[in-house]
Amino acid sequence: MNDFAFRQVHLDFHTSEEIAGIGSKFSKQQFQDMLKLGYVNSVTVFSKCHHGWAYHPTKANEMHPGLKFDLLGAMIEAAHEIGVKTPVYISAGLDEKMARRHPEWLRRFKDEKTANFPSPWAQDFMHPGFHEFCFNSPYLDYLIKQIEEVTANYDADGIFLDIVGVRPCYCQNCIAALRKDGNGPRDEKAVMALAEKVYANYTARVEKAVNSIKPGMRIFHNGGHIRRGRRDLASMNTHLELESLPTGGWGYDHFPLSARYVQNLGMYYLGMTGRFHTSWGEFGGYKHPNALRYETALSIANGARCSIGDQLHPEGFMDEATYSLIGTAYKEVAEKEAWCTGAVNIADVALLSLEALNIKDEGEGLAKYSGVSEAGAVRMLLEGKVLFDVIDTLEDFNKYKLVILPDRVRIDGDLKEKLDGYFQSGGKVLATGESGLNREGNCFALDIGAEWLDVNPFKPDYFKPHFELKSLRNSSFIFYSQGQKIKLAGGIELGHREDPYFNRDIFTFCSHQHTPSSLNNAGPGMVEGRAGIYFAWNIFEDYATKGSLVLKESILFALNRLLPEKRLETDLPAQGITTLTEQKSLNRYVNHLLYASPVKRGTGIEVIEDILPIYDVNVSVRVPHKVKKVYMAPRKQEIRFNQENGKVSYTVPKLECHQMIVLDY
Ligand SMILES: [Zn+2]
């Protein structure tokens, strides 16, 4: 179980029954050649696809009508012969052939529809696409038999079950179950509770089915996102696969946010991107090799293994362009693995996740997995080169010098108790917007040095810092998000709020946009109290939406003030990313530096093509050990360093995409 592969490919194969000659061009030699070209050491091969077909002889399912041989068996044999692992994919939530035969087994929404906008699934049977099953139906028995069959008949190195999750359902099986328990379908809590029960029953049955045949085999249930705060759901898997295709809707915010949460769960995890220009199912679409180099480097810098999504052509030949592209990235990963195995991330700051607190954040579609406040906070922390983790309330706050409460964290009950304990042992928070207020939102629940008065009726309004911003000196800076009116109560005012002359309205407007500042001091806007620093706006949400520099520089001022002894400092430019990890058993720290700039091309697609080298990056790292040697890996080129009072300083002569700097102690 401890040899979780670093260089995986997730090979999709969703193939219509209207296509003949399935696997007719499959060749063991070609399959092996391509895996070698791609430096791949694990390939997830397919037993069953979204169309519902099996790609091997079967009693529990039906073989694809265009397939004449055991394609799954042939792929496993070919891969194992060259030492490549083969977890096996089963489309669990989708099976289109069965959807047409048993529509009564499908998940239903309140309006009887099988999907609701903007779901990725077909709106109805008059549109092309797949339909999602409810696992509170006889479909589950049918699925479990397929899992048992493939586990028993094939030498699989794991089972990957796709399109599953906790999903409220209004099918007649679910409605009958709700009525039997004395609840009706109008009781939304009961509907959610049933969804949880149905999912837990499904994962338990899969585990039993697999373990009764091959105890300990890896199992992963994929729902496209690992929900922060749901350790119980995460623990239903043997490891975690973070599906996060930056150009496929997840964006470049999602992976760091997700990885820095799951890294504390004590499980192996991988970052799954794709070779596609856009997303899954894109035949003939490719990203630039530099994008894959960067995305896989980002995975290993965040403690993850790598997986790259591909889709096999119906005729079963592996695409040379794809494996050459993958090979560019995986050749580098192969050289770097030794410095990533067993590495533990080091962080000064914890970002308390809104998703983990079950607080509704903004965002539609896949963007809701990142939210806006959390995405804005992650961007600022990455750009500010702050070493951070993303945590839920079960995490030990005392591991961190600072906990960030982003925009919407109201405080009561267990969280209040936990924070009070944290403050007693010297911990600090950085709170923004509604964060720090009590449940009702009418009083601070922390000693932030201020008293809450009201929600500011002026929006937008202005922040006038009592310090100079790093790049912009001082002015009345526009803050677009909702402000809070507060007054000083024992704290230090670090900046104040100015209201506009009036809100922009029919008879009161000025110029093209919002009204200028009246320049009157309207009370504190940034305060430091015993608990830390409070900003009276939803700054992170504002940053994710507008990306204004004044927001970031204001937050970084606060972070620097609260963290006088930051573990890492560097002059790496804003778009660069840095992490610091420790390989304790090898007595070394590994500092990762990355640099690439995604640019917008097309609508909503961020592309990486150019990677420009950066020269002479200065880094200093505070570590408790006496450092003996500093070198760049994997080339093992030593660099000069200087250690004073625990602070190790060095200059990295050249950074191209990704560079690891190793500090041996
Ligand atoms: Zn149902």
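Just so we're clear, the structure is a prediction, and the values are computed from it rather than from any experiment.

So, how was this worked out
Residues numbered from 1 in each chain as written. Predicted model: local features only at pLDDT ≥ 70, side-chain atom pairs only at ≥ 80, totals over all residues. Helix = DSSP H or I, 4+ residues; strand = E, 2+ residues; numbered from the N terminus. Rg over C-alpha atoms; globule rule 2.2 N^0.38 Å. Buried ≥ 20, exposed ≤ 12 C-beta atoms within 10 Å, placed from the backbone. Contact = placed C-beta atoms within 7 Å. Pairing = 2+ DSSP bridges. Axes fitted to C-alpha atoms, helices over the stretch in contact; angles between N-to-C directions. Parallel < 35°, antiparallel > 145°, perpendicular 65-115°, else oblique. Left-handed = near helix turned anticlockwise from the far one by under 90°. Domains from an automatic or database assignment. Nonpolar A, V, L, I, M, F, W, Y, C, P; charged D, E, K, R; others polar. Core = buried A, V, L, I, M, F, W, Y, C linked by C-beta atoms within 7 Å. Expected span 1.5 Å × (residues − 1). Right-handed = clockwise from strand over helix to strand, strands pointing away.

## Points about the overall build of the protein chain
- When helices and strands are tallied, the protein chain shows 14 helices and 31 strands.
- Against the compact-globule benchmark of 26 Å for 665 residues, the protein chain has a radius of gyration of 27 Å, which places it among compact chains.
- Principal axes of the C-alpha set define a box for the protein chain whose edges measure 80 × 65 × 50 Å.
- Each of the 665 residues in the protein chain was classed as buried or not, and the buried ones make up 49%.

## Focus on the environment of Ser-481
- Note on placement: Ser-481 falls in the loop between strand S16 (477-479) and strand S17 (484-488).
- On the basis of neighbour count, Ser-481 is assigned to the buried category, with 24 C-beta atoms found within 10 Å.
- Linking Ser-481 and Phe-540, residues 59 residues apart in sequence, is a C-alpha distance of 9.1 Å.
- Setting aside residues no more than four positions away along its own chain, Ser-481 makes contact with Gly-433, Trp-537, Asn-538, Ile-539, Glu-541 and Asp-542.

## Remarks on the sheet that holds strand S13 (residues 428-432)
- If you walk across this open sheet you meet the nine strands as S11-S10-S12-S13-S20-S19-S18-S15-S16, and the pairing is mixed. At either margin of the open sheet sits one strand with a lone partner, and together these are strand S11 (388-391) and S16. Direction aside, the axes of adjacent strands within the sheet are offset by 25° on average.

## Details of the packing of helix H4 (residues 139-153) against helix H6 (residues 188-213)
- Put simply, H4 and H6 touch, their axes get as near as 9 Å, and they point 25° apart. As judged from the angle between their axes, H4 and H6 are roughly parallel. In terms of crossing hand, the pair formed by H4 and H6 is right-handed. Residues Leu-140, Ile-144, Ile-147, Glu-148, Thr-151 and Ala-152 of H4 lie in contact with H6, whose contacting residues are Tyr-202, Arg-205, Val-206, Ala-209, Val-210 and Ile-213.

## Some words on the environment of Met-34
- Along the chain, Met-34 turns up in helix H1 (residues 28-37).
- Considering only alpha carbons, one finds Met-34 and Ala-321, 287 residues apart in sequence, at a separation of 9.6 Å.
- When residues no more than four places from it in sequence are discounted, the contact partners of Met-34 are Met-318, Glu-320 and Tyr-323.

## Examining the sheet that holds strand S26 (residues 614-622)
- Read across the open sheet, the four strands follow the order S21-S26-S30-S29; overall the sheet is antiparallel. Of all strands in the sheet, those with a lone pairing partner are strand S21 (568-570) and strand S29 (641-644), marking the two edges. With direction set aside, neighbouring strand axes in the sheet form an average angle of 20°.

## Details of the domain arrangement of the protein chain
- For the protein chain, the assigned domains are domain 1 (7-100 + 130-165 + 188-341), domain 2 (347-562) and domain 3 (568-664).
- In this structure, domain 1 and domain 2 have C-alpha centres spaced 39 Å apart.
- Looking at the side of domain 1 that touches domain 2 element by element, the count peaks at nine residues for helix H8 (residues 246-262).
- Grouping the amino acids of the side of domain 1 that touches domain 2 by side-chain chemistry returns four nonpolar, seven polar and five charged.

## What to know about the environment of Arg-567
- The residue Arg-567 is located in the loop between helix H14 (549-562) and S21 in this model.
- Among the residues examined, Arg-567 registers 18 C-beta atoms within 10 Å and is labelled partly exposed.
- For Arg-567 and Val-386, which are 181 residues apart along the polypeptide, the C-alpha to C-alpha distance reads 8.6 Å.
- The residues contacting Arg-567, other than those within four sequence positions of it, are Ile-346, Asp-348, Leu-387, Leu-580, Val-621 and Arg-622.

## A word on the nonpolar core
- With 179 residues, the main nonpolar core has Leu-242, Val-349, Ala-350, Leu-351, Ile-404 and Leu-594 as its most contacted residues.
- Tallying contributions element by element places H6 first for this core, with eight residues.
- Not counting the four nearest positions on each side in its chain, Ile-404 is found in contact with Val-349, Ala-350, Leu-351, Leu-352, Ala-377 and Leu-430.

## Some thoughts on unusual backbone geometry
- The omega torsion of the bond from Lys-459 to Pro-460 falls at 0°, within 30 degrees of zero and hence cis.
- Cis rather than trans, the peptide bond between Ala-633 and Pro-634 has omega equal to 5°.
- Along the chain, Pro-634 falls in the loop between strand S27 (629-633) and strand S28 (637-638).
- Even without glycine at this site, Asn-358 takes up a positive phi of about 65°.
- Summarising the element assignment, Asn-358 is placed in the loop between strand S10 (349-352) and helix H11 (373-383).
- In the Ramachandran plot, Cys-657 falls in the positive-phi region, its phi being about 70° despite a non-glycine side chain.

## Re H14
- Here H14 is 14 residues long and its end C-alpha atoms lie 20 Å apart, about the 20 Å a rise of 1.5 Å per residue gives.
- Buried residues of H14: Val-550, Leu-551, Lys-552, Ser-554, Ile-555, Ala-558 and Leu-559, and no others.
- Lining the buried residues of H14 we find H11, S13, strand S15 (461-465), S16, strand S20 (532-535) and helix H13 (539-546).

## Considerations on the pairing of S13
- With five of five residues buried, S13 is to be regarded as a mostly interior element.
- With burial as the criterion, each face of S13 is covered, one bearing Lys-428, Leu-430 and Thr-432 and the other bearing Val-429 and Ala-431.
- As paired elements, strand S12 (residues 402-405) and S13 share four bridges and run parallel to each other. Bridge assignment links Ile-404 to a residue of S13, and that residue is Leu-430.
- For the crossover from S12 across helix H12 (residues 413-424) to S13, the handedness is right-handed.

## Brief notes about helix H9 (residues 289-301)
- Counted at 1.5 Å a residue, the expected span for H9 with its 13 residues is 18 Å, and the 18 Å between its end C-alpha atoms agrees.
- Within H9, eleven of the 13 residues are buried, which leaves the element mostly enclosed by the surrounding structure.

## Considerations on the packing of H1 against helix H2 (residues 71-81)
- H2 packs onto H1 with a crossing angle of 50° between their chain directions and a minimal axis gap of 9 Å. With respect to each other, H1 and H2 are oriented oblique. By crossing handedness, the relation of H1 to H2 is classed as right-handed. Here H1 contributes Lys-28, Phe-31, Gln-32 and Leu-35 to the contact with H2, which in turn contributes Ala-74, Met-75, Ala-78, Ala-79 and Glu-81.
- Looking at side-chain class alone, the contact of H1 with H2 contains six nonpolar, one polar and two charged residues.

## Structural notes on the pairing of strand S22 (residues 576-583)
- In the sheet, strand S9 (residues 344-345) pairs with S22 via two bridges, with the strands oriented antiparallel. Bridged to Asn-345 within S22 is Thr-581.
- Summarising the sheet, S22 and strand S23 (residues 588-595) pair through eight bridges and their orientation is antiparallel. Of the residues in S23, the one forming a bridge with Ile-577 is Leu-594.
- Following S22, the chain reverses through four residues before pairing antiparallel with S23; Asn-587 in that reversal takes a positive phi of roughly 50°.

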